[in-house]
Amino acid sequence: EVQLQQSGAELVKPGASVKLSCKTSGYTFSNYYMSWLKQMPGQNIEWIGNIYGGNGGTGYNQKFKGKATLTVDKSSSTAYMDLSSLTSEDSAVYFCARGGSYFDYWGQGVMVTVSS
Amino acid sequence: DIQMTQSPASLSASLGETVSIECLASEDIYSYLAWYQQKPGKSPQLLIYAANRLQDGVPSRFSGSGSGTQYSLKISGMQPEDEGDYFCLQGSKFPPTFGGGTKLELK
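A brief report on the enclosed structure follows.

Definitions and cut-offs
- Residues numbered from 1 in each chain as written.
- Chains lettered and ligands numbered in written order.
- Predicted model: local features only at pLDDT ≥ 70, side-chain atom pairs only at ≥ 80, totals over all residues.
- Heavy atoms only, no water.
- Disulfide = S-S within 2.5 Å.
- Helix = DSSP H or I, 4+ residues; strand = E, 2+ residues; numbered from the N terminus.
- Buried < 20%, exposed > 50% of the residue type's maximum accessible area, 1.4 Å probe, protein only.
- Phe/Tyr/Trp six-rings, centres within 6.5 Å; stacked < 30°, edge-to-face > 60°.
- Lys NZ or Arg CZ within 6 Å of the ring centre and 35° of its normal.
- Contact = heavy atoms within 4.5 Å.
- Buried area = accessible area lost by both parts, 1.4 Å probe.
- Salt bridge = Lys/Arg side-chain N within 4 Å of Asp/Glu carboxyl O.
- Nonpolar A, V, L, I, M, F, W, Y, C, P; charged D, E, K, R; others polar.
- Core = buried A, V, L, I, M, F, W, Y, C linked by side-chain atoms within 4.5 Å.
- Polar contact = N/O pair within 3.5 Å; in protein donor to acceptor, adjacent residues only side chain to side chain.
- Pairing = 2+ DSSP bridges.
- Axes fitted to C-alpha atoms, helices over the stretch in contact; angles between N-to-C directions.

With respect to the state of the cysteines
All names here are of chain A.
In step 1: Within the structure shown, the criterion is met by two disulfides over all chains.
In step 2: The disulfide that involves cysteine 22 links it to cysteine 96, with 2.1 Å between the sulfurs. Because the sign of the S-S torsion sets the handedness, a value of about 75° for the bond joining cysteine 22 and cysteine 96 places this disulfide among the right-handed ones. Taken as a pair, cysteine 22 in strand β3 (residues 18-25) and cysteine 96 in strand β9 (residues 92-98) lie far apart in primary sequence, 74 residues in all.
In step 3: With relative accessibility at 0%, the residue cysteine 96 sits in the buried group.

Digging into the packing of aromatic side chains
In step 1: The full count for this structure, using the stated rule, is nine aromatic pairs over all chains.
In step 2: For the ring pair tyrosine 33 of chain A and tyrosine 52 of chain A, a centre distance of 4.9 Å and an interplane angle of 50° mean the geometry is tilted. Here tyrosine 33 of chain A is found in strand β4 (residues 33-39), whereas its partner tyrosine 52 of chain A is found in strand β5 (residues 46-52), with 19 residues between them in sequence.
In step 3: Taking relative accessible area as the criterion, tyrosine 52 of chain A reaches 26% and is therefore assigned partly exposed.
In step 4: Here the aromatic rings of phenylalanine 103 of chain A and phenylalanine 98 of chain B are separated by 6.4 Å at their centres, their planes lie at 25°, and the arrangement is stacked. In this pair, phenylalanine 103 of chain A is assigned in the loop between β9 and β10 (105-106) and phenylalanine 98 of chain B in strand β10 (residues 97-98), connecting two distinct chains. Here the two residues phenylalanine 103 of chain A and phenylalanine 98 of chain B agree in accessibility, since each one is buried.
In step 5: The ring of tyrosine 27 of chain A carries the charged tip of arginine 98 of chain A above its face, separated from the ring centre by 4.8 Å.

Let's talk about the interface of chain A and chain B
In step 1: Facing the 15 residues of chain A at the interface are 22 residues of chain B.
In step 2: Buried area between chain A and chain B, summed over both chains or domains, comes out near 1500 Å², and the portion from carbon and sulfur atoms is 63%.
In step 3: Looking at the side of chain A facing chain B, the largest losses of area belong to Ile45, Tyr102 and Trp106 of chain A, adding up to 39% of the total buried there.
In step 4: Where chain A packs against chain B, one counts zero salt bridges.
In step 5: Each residue belonging to the side of chain A that touches chain B can be placed in one class, and the counts come to seven nonpolar, seven polar and one charged.

A closer look at the nonpolar core
Generally speaking, a soluble globular protein has its nonpolar side chains buried in company with each other.
In step 1: Grouped together as the largest cluster of nonpolar side chains are 26 residues, with contacts concentrated most on Leu20, Met34, Trp36, Met81, Leu83 and Tyr94 of chain A.
In step 2: Elements represented by at least two residues in this core include exactly β3, β4, β5, β7 (68-73), β8 (78-83), β9 and β11 (110-114) of chain A.
In step 3: Ignoring anything within four residues of it in the chain, the contact list for methionine 81 of chain A reads Val18, Lys19, Leu20, Trp36, Ile48, Ala68, Thr69, Leu70 and Tyr94 of chain A.
In step 4: By size, the runner-up hydrophobic cluster in this structure holds 22 residues, among which are Met78, Tyr86, Cys88 and Leu104 of chain B.

Some words on the side chain of threonine 24 of chain A
All names here are of chain A.
In step 1: Of note, threonine 24 is situated in strand β3.
In step 2: In this structure threonine 24 comes out as buried when scored by relative accessible area, which is 6%.
In step 3: Engagement of the side chain of threonine 24 in a polar contact is seen with the backbone oxygen of serine 77, the distance being 2.8 Å.
In step 4: Once residues lying within four places of it in the same chain are set aside, the contact partners of threonine 24 are Gln3, Leu4, Phe29, Met34 and Ser77.

A few points about the sheet that holds strand β8 (residues 70-76) of chain B
Residue and element names in this part refer to chain B.
In step 1: Pairing is antiparallel in the open sheet, where four strands are placed in the order β1-β3-β8-β7. Edge strands, defined here as strands with exactly one partner in the open sheet, are β1 (4-7) and β7 (62-67). Taken over all neighbouring pairs, the strand axes of this sheet differ in orientation by 20° on average, direction set aside.
In step 2: Sheet topology note: the β7/β8 ladder contains six bridges and is antiparallel.

Describing the environment of leucine 83 of chain A
Residues and elements named next belong to chain A.
In step 1: Tracing the backbone shows leucine 83 in strand β8.
In step 2: Judged by its relative accessible area of 2%, leucine 83 is buried.
In step 3: For the pair leucine 83 and lysine 19, spaced 64 residues apart in sequence, the C-alpha to C-alpha distance is 6.4 Å.
In step 4: Those residues in contact with leucine 83 that lie beyond four places of it in its chain are Ala16, Ser17, Val18, Leu20, Lys67, Ala68 and Tyr94.

Now the structure itself:
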């Protein structure tokens, strides 16, 4: 069974950074892309970027370049997303999802709250 | 970026009623279109991909159609468990972009 398990909710201060994780199981991690997406209430879901599990190659939505950095650890089949210089506009639920442009399996989502 | 305009924004349907949701792309997306269902506090679930292909495990009352810039999701016989938010996604050109969503409720 394919599973994507995300790390827990984060409360972070403005200007800080946060690293989110997405631990996978049930499939060959290195054969698939992993995407990260952002969902804010009342707004369209946004695609942040993707990373290939095999070689760590990345592609980013221009809007999130400089904000998000995607990495993988093949040894643990885990994908990571670093979010930097956080502001209130970064408060959202973030999902990891398997796939480069279609997403067939999703993590449960993690809420990031940016507040002083 | 390709804009996905989804309609209606909300919809109320009776048990057994057939429901349709539409997505209009700002340019041809060559059937690179997926539909998702999301329930409160949960992650989206893939229903349809490639415009009309049913994801494994999804009930056959869900179907997708369309081409070019116009696509639709049909639920043939509304069930209580079909309540939720529905989104379309285009995967034709990067970045992938989503429609604004349709909130479906049981009347």
